[in-house]
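# Coordinates in review
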Amino acid sequence: MTAQRRLLVGIIQDSPRHLDWPRLLEIARKQDGDVDRATVYRTIALLKEQGLIDELDLMHIDGEKHYYEAKTSRDHCHMACFRCGAINGVRQLVFRKTKEEMVQQSGFQIRVVRLEVGGICKRCQKTGS
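Residues numbered from 1 in each chain as written. Predicted model: local features only at pLDDT ≥ 70, side-chain atom pairs only at ≥ 80, totals over all residues. Heavy atoms only, no water.

## Digging into the overall build of the protein chain
For clarity, the threshold we go by: Here a strand is any run of E in DSSP of at least two residues, a helix any run of H or I of at least four, and the numbering for each starts at the N terminus. Any pair of residues with heavy atoms lying within 4.5 Å of one another is described as a contacting pair. Positive: Lys, Arg. Negative: Asp, Glu. His and the chain ends are not part of the count. Charge positions come from single atoms, namely NZ of Lys, CZ of Arg, CG of Asp or CD of Glu.
Helices and strands together make up the secondary structure of the protein chain, namely five helices and five strands. Counting helices and strands in the order they occur from the N terminus, the protein chain gives α-α-α-β-β-β-β-α-β-α. Relative to all contacts within the protein chain whose residues are 6 or more apart in sequence, the contacts with residues 24 or more apart total 48%. Distance between charge centres in the protein chain, computed from 22 positive and 17 negative side chains, equals 5 Å.

## Brief notes about the side chain of D54
You can see D54 is positioned in strand β1 (residues 53-56). Residues contacting D54, with those up to four places away along its chain left out, are Y67, Y68, E69, K71, T72 and R114.

## Thoughts on the pairing of strand β3 (residues 76-81)
Applicable threshold: Per-residue accessibility, obtained with a 1.4 Å probe over protein chains only, is compared with the maximum for each type, and a residue is labelled buried under 20%, exposed over 50%, and partly exposed between these values. When DSSP finds at least two bridges between two strands, those strands are taken to pair.
Of all six residues making up β3, five are buried, and the element is well covered by its neighbours. In terms of strand pairing, β3 meets strand β5 (residues 114-119) through six bridges, oriented parallel. Looking at β5, one finds that C81 is bridged to G119.

## Quick look at the environment of I44
By secondary structure assignment, the location of I44 is in helix α3 (residues 37-49). As a C-alpha pair, I44 and Y68 span 24 residues in sequence and 8.3 Å in three-dimensional space. If we skip the residues at most four places from it in the chain, I44 touches W21, L24, I53 and Y68.

## Here's the deal with the pattern of salt bridges
A side chain of one charge can pair with a side chain of the opposite charge when the charged atoms of the two come close. Condition: Just to be clear on terms, a salt bridge is a Lys or Arg side-chain nitrogen sitting within 4 Å of an Asp or Glu carboxyl oxygen.
Applying the stated criterion across every chain, the model contains three salt bridges. A salt bridge links E26 to R23; its shortest N-O distance comes to 2.7 Å. Remark: R23 and E26 occur in helix α2 (residues 21-31); sequence separation between them is three residues, near one turn of the helix. By relative accessible area, which is 40% here, E26 ends up partly exposed. With a relative accessible area of 35%, R23 lands in the partly exposed category. Residue K30 pairs with E26 through a salt bridge whose shortest N-O separation is 3.9 Å.

Keep in mind these numbers describe shape, not what the thing actually does.
Written out as structure tokens, the structure reads:
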């Protein structure tokens with residue numbers, strides 16, 4: 001693992017927001033000006049291959065843009081605003097009941113639940129934008 005790859009992994013793990021590759025590159029360059037686009041692409045591919053990050057399309061709010069986050073086994077929901085593009089991640093115990101019902105009905109052994117929801121965020125509702 002090179003120093004630049006460690007840097008990129010750290011940025012993904014520590015980010016409170018979901019990052020696309022241009023934003024990841026921008027943040028990395030602030031810490032190491034030698035990080036280039038190819039390094040970001042190769043590192044993302046390697047991390048996906050190793051099962052360390054998830055690639056998300058998040059309701060295709062920006063066309064085919066993909067976002068990356070550290071892989072987790074915790075249930076969570078991504079809410080994408082169709083107006084401003086904000087992405088909010090929510091981890092709730094709400095999934096527990098739904099999972100239990102799904103298991104009872106199907107017999108399927110569920111390991112993780114991930115849900116994508118698209119709509120209009122509170123801020124956009126208030127501003128009418």
